[in-house]
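# Observations on chain architecture
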Amino acid sequence: MDTAHASASALAPARAHAHDLTPSRASRTPTRPAAGDVHVWFVRPPRSGSVPRSPGADAGTAADSGLPAPDSGLPAPESGFTAPDSGFTAPDSGLSVAELRRAASFARAGDGDVYATAHAALRRLLGGYLGLPPAGLTFVREPCPGCSGPHGRPAVVQTDDAPTLHFSLAHSRGLIAVAVAPRVIGVDVERFPSTGTVEACARALHTRERAELAAVPPEERQAYFGRLWTRKEAYLKALGTGLSRHPRIDYLGADLRRRPARWAVLDLPAGPEHTAAVAVDGARPDRVTVRWLPAHRPGDGPAAPDAAYGSTTDRSPR
């Protein structure tokens, strides 16, 4: 989010300190985050239809994920890279047959593009971290913490003896987020909500969160609600329940003392039109690295954050 417009008194406790992040040089492949580190990648979805439309695909509905504005205010990648408007196809995207089928099933092509871009980016990034081709990754679901059913946190199957690499994926209108860490993690990103959305959804907040929101000046209320909601969804995703656990149960407001024990939840810088947050199991991360990655291009292999793929920047969520 654009923290320049945030209420400093309300949000300072939720942000990482300025010294938590330092600039780093791009490398050919991403290095696994060290203990205490969190890596966050933002990706802009393509602006035009790029997913092949299968005549045999089942019609489906999708959340209103929309398309990015022509001038989103997000950092521009090097070399004037523009997201592709040609197809996501196996094997160059790395997407599985099931993922391609799901992307083609969305009623709106733009929603399918966002889904395909998000999952292609996830495969590229995890493939880079694990030293595997994107198409070679296998995903599973961990047991649900509530009922033990096979619909908990998503996980990637690892074949080496290295520490488990945890990840989380989120997307909203115009922005995709992938978070990676050596411990359980959840990430969320949301476009700034409308006034009507804030009014309708505020009732789902914790009682103390509603009181905090009501105390915020009207002109700051949308951004404040966006920060509250992304913290809440990031936490619930890390917990493994998602919104099956009612949002009003847990407090994720400005008072750190009242937040869930054993969890650290931080706001992230996500540009002037979005809010984002990350939640990790355990102590506050030593360092949170935020990078920007262009959308998938046909033929791309594992993510390599160098000039050919766009700029790499570590930014502090101060």
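Scroll up for the structure.
First, a word on what this report is: a plain description of the structure on this page. Each chain carries its own residue numbering, running from 1 in the written order of its sequence. The predicted origin of the model limits local features to residues at a pLDDT of at least 70 and limits the giving and counting of side-chain atom pairs to 80 or more, whereas totals for whole chains, interfaces and linings rest on all residues. With hydrogens and water set aside, each side-chain value is computed from the structure's full complement of heavy atoms.

## Quick look at unusual backbone geometry
Heads up, the condition is: The numbering of helices and of strands both runs from the N terminus, where a helix is a DSSP run of H or I of at least 4 residues and a strand a run of E of at least 2. Only protein chains enter the area calculation, which uses a 1.4 Å probe; residues under 20% of their type maximum are buried, those over 50% are exposed, and those in between are partly exposed.
Phi at Ser 148 takes a positive value of approximately 70°, unusual for a residue other than glycine. Summarising the element assignment, Ser 148 is placed in the loop between strand 2 (139-141) and strand 3 (154-156). Ser 148 gets classed as exposed once you look at its relative accessible area, which sits at 60%.

## Considerations on the pattern of salt bridges
Formally: Salt bridges, as used here, are contacts in which a Lys or Arg side-chain nitrogen is within 4 Å of a carboxyl oxygen on Asp or Glu.
Under the defined criterion, the tally for this structure stands at 12 salt bridges. Arg 245 is paired through a salt bridge with Asp 250; the nearest N and O atoms lie 2.7 Å apart. Asp 250 sits in the buried class, given a relative accessible area of 9%. Counted as one network, the salt bridges with shared partners bring together Asp 255, Arg 257 and Arg 258.

## Re the packing of helix 2 (residues 97-105) against helix 3 (residues 109-130)
For the record, the criterion: Whenever a helix is involved, its axis is fitted only over the stretch in contact; in every case the axis is a line through C-alpha atoms, and angles between N-to-C directions fall within 0 to 180 degrees. Roughly parallel covers angles under 35 degrees, roughly antiparallel covers those over 145, roughly perpendicular covers 65 to 115, and oblique covers all other angles. By convention the crossing between two helices is left-handed if the near helix lies anticlockwise of the far one by an angle smaller than a right angle, and right-handed if it lies clockwise. Working rule for contacts: check all heavy atoms of both residues, and any pair within 4.5 Å makes them a contact. Throughout this entry, Asp, Glu, Lys and Arg are counted as charged residues, while Ala, Val, Leu, Ile, Met, Phe, Trp, Tyr, Cys and Pro are counted as nonpolar. The remaining residues, Gly among them, count as polar.
Helix 3 packs onto helix 2 with a crossing angle of 155° between their chain directions and a minimal axis gap of 7 Å. Overall, the two elements helix 2 and helix 3 adopt an arrangement that is roughly antiparallel. Between helix 2 and helix 3 lies a crossing of right-handed hand. Where helix 2 abuts helix 3, its residues Glu 99, Arg 102 and Ala 103 lie against Gly 112, Tyr 115, Ala 116, His 119 and Arg 123. Here the contact of helix 2 with helix 3 is composed, by residue class, of three nonpolar, two polar and three charged.

## Here we look at the nonpolar core
Put simply, the rule is: Buried residues of nine kinds, namely Ala, Val, Leu, Ile, Met, Phe, Trp, Tyr and Cys, make up a nonpolar core once their side-chain atoms join them within 4.5 Å.
Ranked by size, the top nonpolar core spans 21 residues in total, and within it Val 38, Val 40, Phe 42, Ile 185, Leu 268, Val 278 and Val 288 carry the most contacts. When contributions to this core are tallied by element, the ones reaching two or more residues are strand 1 (37-43), strand 5 (175-181), strand 6 (185-191), strand 7 (263-268), strand 8 (274-281) and strand 9 (287-293). When residues in this core are grouped by element, the largest group, four residues, is from strand 5. With near-sequence residues (within four places) excluded, Phe 42 lies in contact with Leu 175, Ile 176, Ala 177, Leu 268, Pro 269, Ala 270, Ala 276, Val 290, Arg 291, Trp 292 and Leu 293. Counting residues in hydrophobic clusters, the runner-up holds 18 residues, among them Ala 121, Tyr 129, Val 156 and Leu 165.

## Brief notes about the packing of aromatic side chains
Rule in force here: Aromatic pairing here means that ring centres of Phe, Tyr or Trp (its six-membered ring) are within 6.5 Å. Orientation follows from the plane angle: under 30 degrees is stacked, over 60 is edge-to-face, and everything else is tilted.
Applying the stated criterion across every chain, the model contains five aromatic pairs. Between Phe 225 and Trp 229, the aromatic rings sit 5.8 Å apart at their centres with planes inclined by 20°, giving stacked as the arrangement. In this pair, Phe 225 and Trp 229 both sit in helix 6 (residues 221-239), four residues apart, roughly one turn of the helix. Classification of Phe 225 by relative accessible area gives buried; the value is 3%. In this structure Trp 229 comes out as buried when scored by relative accessible area, which is 15%. The interplanar angle of 90° and the centroid separation of 5.6 Å between the aromatic rings of Tyr 235 and Trp 263 together place this pair among those described as edge-to-face. In this pair, Tyr 235 is assigned in helix 6 and Trp 263 in strand 7, connecting sequence segments 28 residues apart. Judged by its relative accessible area of 5%, Tyr 235 falls in the buried class. The class of Trp 263 is buried, set by a relative accessible area of 13%.

## Describing the side chain of Glu 212
For clarity, the cut-off: In protein, a polar contact requires one atom able to donate a hydrogen and another able to accept it; more generally it is a pair of N or O atoms within 3.5 Å, and residues adjacent in sequence count only if both atoms are side-chain atoms.
Mapped onto the elements, Glu 212 comes out in helix 5 (residues 207-215). Looking at Glu 212, its side chain comes within polar contact range of the main-chain nitrogen of Ala 254, at 3.2 Å. If near-sequence neighbours (up to four positions away) are discounted, Glu 212 is found in contact with Tyr 224, Tyr 251, Gly 253, Ala 254 and Asp 255.

## Some words on the environment of Pro 143
One can find Pro 143 in the loop between strand 2 and strand 3. A residue is classified by how much of its surface remains accessible, and Pro 143, at 57% relative accessible area, is exposed. Considered as a pair, Pro 143 and Pro 154 are 11 residues apart in the sequence and their alpha carbons are 9.4 Å apart. Those residues within four positions of Pro 143 in sequence are excluded, and the remaining contacts are Ser 148, Gly 149 and Gly 152.

## Focus on the packing of helix 5 against helix 6
In contact at an axis separation of 9 Å, helix 5 and helix 6 are set at 160° when each is read in the N-to-C sense. The pairing of helix 5 with helix 6 is recorded here as roughly antiparallel in orientation. Crossing of helix 5 against helix 6: the hand is right-handed. Contact residues: Glu 209, Glu 212, Leu 213 and Ala 214 in helix 5; Arg 221, Tyr 224, Phe 225, Leu 228 and Lys 232 in helix 6. For the contact of helix 5 with helix 6, the residue count by class is five nonpolar, no polar and four charged.

## So, helix 6
Selection rule: A helix is expected to span 1.5 Å multiplied by its residue count minus one.
With 19 residues, helix 6 should cover 27 Å at 1.5 Å per step; its first-to-last C-alpha distance of 27 Å lies within 8% of that length. The buried fraction of helix 6 amounts to 16 of the 19 residues, a majority that puts the element mostly inside the structure. Of the residues trailing helix 6, Gly 240 is marked for its positive phi of about 100°.

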